[in-house]
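# Coordinates in review
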Amino acid sequence: YSYYQKSLCYRVVNGTDENKEFDSAIRLYRAGESVPILEESSMYDVTLYAHSSNEDTVTLNERLLPGKYRLEMFGCEAEFEIR
């Protein structure tokens, strides 16, 4: 992931020999909170093809404040900190 002003850029990699299908829900939480500060979903599933990657950007409504965050998407989870 990387963060620029109001954009959160991410890259998901499928290093397996199989295509993987995921729901397209993306959720962003502040550390320790259970209500997402961002939740996006489309009505389509996402397919990550074998040995490929997917890069995209999520536009935020406001800048993230310094602190720790958790990003959930494609059945994966990543934690990061804004300083």
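Structural notes, computed from the coordinates. (Residues numbered from 1 in each chain as written. Predicted model: local features only at pLDDT ≥ 70, side-chain atom pairs only at ≥ 80, totals over all residues. Heavy atoms only, no water.)

Once that is clear, we can look at the pattern of salt bridges. Counted under the stated rule, the structure contains six salt bridges. Ionic pairing is found between Glu72 and Arg70, a salt bridge with its closest N-O pair at 3.1 Å. One salt bridge in this structure joins Arg83 and Glu81, with 3.9 Å as the shortest N-O distance. The exposure class of Arg83 is exposed, given its relative accessible area of 82%. When its relative accessible area of 39% is taken as the criterion, Glu81 is described as partly exposed. (Salt bridge = Lys/Arg side-chain N within 4 Å of Asp/Glu carboxyl O. Buried < 20%, exposed > 50% of the residue type's maximum accessible area, 1.4 Å probe, protein only.)

This part takes up the packing of aromatic side chains. For the structure on display, the rule yields one aromatic pair. Ring centres of Tyr69 and Phe80 lie 5.6 Å apart, and the angle between their planes is 20°; on these two criteria the pair is classed as stacked. In this pair, Tyr69 is assigned in strand E8 (residues 67-73) and Phe80 in strand E9 (residues 76-82), connecting sequence segments 11 residues apart. Pair check on accessibility: Tyr69 and Phe80 agree, each one buried. The ring of Tyr29 carries Arg70 above its face, with NZ or CZ at 4.2 Å from the centroid. (Phe/Tyr/Trp six-rings, centres within 6.5 Å; stacked < 30°, edge-to-face > 60°. Helix = DSSP H or I, 4+ residues; strand = E, 2+ residues; numbered from the N terminus. Lys NZ or Arg CZ within 6 Å of the ring centre and 35° of its normal.)

Glancing now at the environment of Phe80. For Phe80, a relative accessible area of 4% puts it in the buried group. Along the chain, Phe80 and Tyr69 lie 11 residues apart, while their C-alpha atoms are 5.4 Å from each other.

Counting through the fold element by element, Arg70 comes out in strand E8. If we skip the residues at most four places from it in the chain, Arg70 touches Arg27, Leu28, Tyr29, Glu33, Glu77, Ala78 and Glu79. (Contact = heavy atoms within 4.5 Å.)

Right, let's get into the side chain of Glu72. By secondary structure assignment, the location of Glu72 is in strand E8. Here Arg70 takes part through its side chain, which lies 3.1 Å from a polar atom of the side chain of Glu72. Filtering out sequence-adjacent residues up to four positions away, Glu72 remains in contact with Ala25, Ile26, Arg27, Tyr29 and Glu77. (Polar contact = N/O pair within 3.5 Å; in protein donor to acceptor, adjacent residues only side chain to side chain.)

With that settled, the discussion passes to the sheet that holds strand E5 (residues 38-40). Strand order across the open sheet formed by four strands is E5-E4-E8-E9, with antiparallel pairing between neighbours. This sheet does not close on itself; its edge strands, each paired only once, are E5 and E9. Adjacent strand axes in the sheet meet at a mean angle of 15°, parallel and antiparallel pairs treated alike. With five bridges joining them, strand E4 (residues 26-30) and E8 adopt antiparallel strand pairing. Following the sheet pairing, Arg30 is matched in E8 by Tyr69. (Pairing = 2+ DSSP bridges. Axes fitted to C-alpha atoms, helices over the stretch in contact; angles between N-to-C directions.)

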